[in-house]
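Residue-level listing of the chains:
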Amino acid sequence: MSTFENPGFLAIELDGAGWDGADLTRAVLAAESAGFHAATFTDAPAPGRANALQRAAFAGPVTRSIALVPEVDTVYTEPFHISTQLASLDYVSGGRAGWIVTAAGSPEAAAAVGRSSVTGAALGQEAAASIEVSRRLWDSWEDDAVIRDVATGRYIDVDKLHYADFQTPAGFPGAGYSVKGPSIIPRPLQGQLPVLAPASLIGGIPVDALDAVLVSAPTPELLAAEVRDVRARVGAGVAVVAELDVVLDARGQAAAARGASFDGGRAAFAGSAPGLTDFLADLLKEADGVRLHPASLFVDLEELGRWVLPELRRRGALRPVVQDGTFRDLLGLDRPASRYATAAAAPAGAGK
Amino acid sequence: MKQHTRAKSEVFVPSGQIQFGVFFQGVNSGTIWKAPESGSQTDFESFRRIAQTAERGLFAAFFLGEGLRLREHLGRPHALDVVGRPDAQTMLAALASVTKNIGLVATQNTTYNDPADLAHRLASLDLVSGGRAAWNIVTTDNAWTGANFRRGGYLDHADRYKHAEAFVETAKRIWDSWETPDGPARRVLHEGRRYTVDVTPRLPRSAQYRPVLFQAGDSPEGRNFAARQADVIFSAHPKFEDAVAFRKDLVERSLAAGRGANAVQIMPASEFILAPTAAEAAEKKEWVRSLQIGPQQAIAYLEQFWGRELSAYDPDGPLPEIDPVVEETSETRGSGFHGAKARQLADQWRAEAKDKGLSIRQFVTSKTARIDSTFTGSYTAVADQLAEYARVGAVDGLNISPWLVPSGLDDIVNHLVPELQERGVYPTEYRGATLREHLGLETPVRSADEAVAAVRA
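Residues numbered from 1 in each chain as written. Chains lettered and ligands numbered in written order. Predicted model: local features only at pLDDT ≥ 70, side-chain atom pairs only at ≥ 80, totals over all residues. Heavy atoms only, no water.

(A) Examining the packing of aromatic side chains more closely. Taken as a whole and judged by the stated rule, the model has 28 aromatic pairs over all chains. With a centroid separation of 5.3 Å and an interplanar angle of 65°, the aromatic rings of F80 of chain A and F149 of chain B are classed as edge-to-face. Pair noted here: F80 of chain A is in helix 3 (residues 79-92) and F149 of chain B is in the loop between helix 4 (143-146) and helix 5 (160-175), and the two residues belong to different chains. For F80 of chain A, a relative accessible area of 1% translates into the label buried. When the ring of W135 of chain B is compared with that of W175 of chain B, the centres are 6.3 Å apart and the planes differ by 90°; the resulting orientation is edge-to-face. Residue W135 of chain B is found in strand 6 (residues 133-138), and its partner W175 of chain B is found in helix 5; the two are separated by 40 residues along the sequence. Taking relative accessible area as the criterion, W135 of chain B reaches 0% and is therefore assigned buried. Exposure remark for W175 of chain B: the relative accessible area of 5% places this residue in the buried category. Members of the aromatic cluster, connected to one another through ring pairs, are F20, F59, F240, F272, F375, Y389 and Y426 of chain B. (Phe/Tyr/Trp six-rings, centres within 6.5 Å; stacked < 30°, edge-to-face > 60°. Helix = DSSP H or I, 4+ residues; strand = E, 2+ residues; numbered from the N terminus. Buried < 20%, exposed > 50% of the residue type's maximum accessible area, 1.4 Å probe, protein only.)

(B) Main features of the packing of helix 1 (residues 44-56) of chain B against helix 13 (residues 410-422) of chain B. Residue and element names in this part refer to chain B. Where helix 1 meets helix 13, the closest approach of the two axes is 9 Å, and the angle between their N-to-C directions is 5°. Judged by the inter-axis angle, helix 1 sits roughly parallel to helix 13. Where helix 1 approaches helix 13, its residues R49, T53 and R56 are matched on the opposing element by D410, V413 and N414. Taken together, the residues that form the contact of helix 1 with helix 13 break down as one nonpolar, two polar and three charged. (Axes fitted to C-alpha atoms, helices over the stretch in contact; angles between N-to-C directions. Parallel < 35°, antiparallel > 145°, perpendicular 65-115°, else oblique. Contact = heavy atoms within 4.5 Å. Nonpolar A, V, L, I, M, F, W, Y, C, P; charged D, E, K, R; others polar.)

(C) Quick peek at the interface of chain A and chain B. If you look at the interface, chain A gives 64 residues, while chain B gives 60 residues. Roughly 5,100 Å² of surface becomes buried between chain A and chain B when both sides are summed, with 60% attributable to carbon and sulfur atoms. Inspection of the chain A/chain B interface yields two salt bridges. Salt-bridge contacts for R76 of chain B lead to D159 of chain A; the nearest nitrogen and oxygen are separated by 2.8 Å. On the surface where chain A and chain B come into contact, there are 30 residue pairs in polar contact (both at pLDDT 80 or more). Of all elements in the fold, only helix 1 (21-34), helix 2 (52-59), helix 3, helix 4 (107-112), helix 5 (121-139), strand 5 (146-149), strand 6 (154-156) and strand 8 (178-179) of chain A reach the threshold of two or more residues within the side of chain A that touches chain B. Here the side of chain A that touches chain B takes nine residues from helix 3 of chain A, the largest share from any one element. (Buried area = accessible area lost by both parts, 1.4 Å probe. Salt bridge = Lys/Arg side-chain N within 4 Å of Asp/Glu carboxyl O. Polar contact = N/O pair within 3.5 Å; in protein donor to acceptor, adjacent residues only side chain to side chain.)

(D) Spatial organisation of the pattern of salt bridges. Residues and elements named next belong to chain B. Taken as a whole, this structure holds 51 salt bridges over all chains when the rule is applied. Salt-bridge contacts for K284 lead to D411; the nearest nitrogen and oxygen are separated by 3.3 Å. You can see K284 sitting in helix 8 (residues 278-292) and its partner D411 sitting in helix 13, a full 127 residues away along the chain.

(E) Molecular detail of the nonpolar core. Counting 144 residues, the largest nonpolar core has F36 of chain A together with F20, F59, F62 and F272 of chain B as its most contacted members. Contacts of F36 of chain A, omitting those with residues within four sequence positions, involve L10, A11, I12, A31, I66, L292, L301, L304, L309 and V321 of chain A. By size, the runner-up hydrophobic cluster in this structure holds 25 residues, among which are L161, Y177 and V179 of chain A together with Y112 of chain B. (Core = buried A, V, L, I, M, F, W, Y, C linked by side-chain atoms within 4.5 Å.)

(F) Just empty space enclosed by the protein, in detail. All names here are of chain A. Counted under the stated rule, the structure contains nine cavities of 30 Å³ or more. Grouping the constituent residues of the lining of the largest cavity by class yields four nonpolar, six polar and four charged. For the lining of the second largest cavity, the elements supplying multiple residues, two or more each, are strand 1 (9-13), strand 2 (38-41) and helix 9 (327-331). Of the residues assigned to the lining of the second largest cavity, the class counts are 10 nonpolar, one polar and one charged. (1 Å grid on protein atoms, 1.4 Å probe; cavity = no way out; pocket = protein on both sides within 12 Å on 5 of 7 lines; lining within 4 Å. Points joined across faces, edges and corners; volume = space filled by probe spheres on them.)

(G) Representation of the sheet that holds strand 14 (residues 397-400) of chain B. All names here are of chain B. One open sheet holds the 10 strands; their spatial order is 11-10-9-6-5-2-1-14-12-13, and the pairing between them is parallel. The sheet is open, and its two borders are formed by strand 11 (265-266) and strand 13 (374-378), each paired with just one other strand. Here strand 1 (residues 19-24) pairs with strand 14 via four bridges, running parallel. What sits directly across from Q19, in strand 14, is G397. Along the sheet, helix 3 (residues 115-128) contacts strand 5 (103-109) and strand 6; its crossing angle with strand 6, the most-contacted strand, is approximately 145°. Packing against the sheet, helix 8 makes contact with strand 12 (269-275) and strand 13, and its axis sits at approximately 125° to strand 12. (Pairing = 2+ DSSP bridges.)

So yeah, pure geometry; function would need other evidence.
See the structure below:
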């Protein structure tokens, strides 16, 4: 049996849960008790799907260990709102929040807010600008800005608040804009939320703006190779997360007979729990983590929790789940100092 | 879902009941942070504690404000008062999972949001909470706030309610667009001067049909807007005679807008300072005020109007003899500041303080404390006072701003609520599962496309 020098983590996409609060609670608790490290919430437009960030926020107070990572669009959403909403998610989850950056390219998304459609390379640039705004706003309150000093009557130390003064760069493809700051909310509990993006946006988004990339391949066979390719592009400082659709033999039905249809363009694994366990054990030697997209949330989640995760854990392939740990802890990231913190208090180059 | 079963009454009928809401204040000067028992303003636990206490007290709703830019003082963020707050809808979505009944009201601006996006997020909150969401509609119109947004400060003051109304009508059409609870949804189009919206909504109706609409704003335009669009209005008139007059005015406006006399409920902001006896309550009030307006706050308050540093002045001495800077420098000088009238106001204030023998601190306390909206007294006396409000229908409810976080509702829930229940003027259980049911509001009439065309702006 192989040994793992760097055990990985498993995320699960909870899209199969409905909009109803009870459904969401059930889904996220099932994922947490199954031992998943992170739950993600898609926000692509689909009938009946509630806002991803709110679903993640709803899950915050009822969970203790699982990281909560919604998709949030960067093209047609105000960067100031995104930043404060994500910082708030970090507060309501006790530091377990992350952000999957998406860039809506559909004409429908543009029409909904009455703007012209953004496509191609411009999507990455819009995303990069939004990430930069959020990161600056998260840093705009130094950690010890709230002082509550009764003697001087000061609630905050104004010297520890900073204007973000963001300006879209020259050559920005869309309508340029600026954001003043500071944030309306103190620095998130994690300092900076981990920022994840699909590998397809790298280029438009500079690699050093990201903490993790989501990697897809057309087939399971090609996935490990794609992970290695992306790793070579992003270096060791960025976590690489493989994307995998999953349908398992379950409840006496073979995976093939369950009639799952995947249309995400991702590699799909169909088969038995032991087969998936072996596949993931190999994949986790290449990837820092794997995000599973189950064909049927509760059916597959039950199999995963009963058979796959315990065996992976027994083999040493998975990091321990830490109660009250942060998402940064899970990714092995230190808590950075604010970029605006005075030199005496923090090392230079504290960016993300 | 029942559709508008109650007959539209031309005559106002008091409900005989008072409901409570709680306003968890973010950036403000009323929340005491200097007392040892004062907790965090941002930790989730503070929000959870207040919301769950309110729910134990059968409060109809939990309200959050919206932050779009930090207050400034003489060109820098204001340092003295509580500052910083989570995003309203994100926090309310989290509270939805640890509460069962209480309504969740998000203050959201019509100027710096997109209608389709905001309507979708409010519908999401309404669904995950099982029909408990509400939108407190506010408007902003200044470039200073706009500096944080892509769209900038593009809205003229005169246009803000026109824009707000087109925005709200669009949101209503988005919420109304499902033919049945299971769909399909109708495409919603709006072409206005400020926005073009072309969207096929994604979310079904909630258990309460659509989010309850609150409106804050006291100008004639604001009142007319509420009379046409809102379910509940926050008024600035909690004092008994004012409240009765405001009710009369709002009933007239509601009827003129083609709605029933009881269509819009009234829920003014309020503060409670309570104790077992009147004497203890009076003493408590002194203590509360001394912590709300300390010496530094008193000076800073005058600095907003004077436009200059006044730190050399003694807070326990008379108002500054020096004149204010007249030109209007920025938003940050305070909403009450009007450049041309600065000197006139200073003269007036100096005369008033001299007349009444007030120091700077005493004068500022008299200007800033919520004198009109404070209910001070013994539990029984205040309960008697509120019973009279309920009897004549002066208000439908009160929106309480606790001056202490997170324990600020404890005495209200433990002592005042039972007194009110004994008098038969306060609910003894939640009326239903949704906010609309708690408030006894009618099921909204589905908005018709024809009606919408008329208010396009």
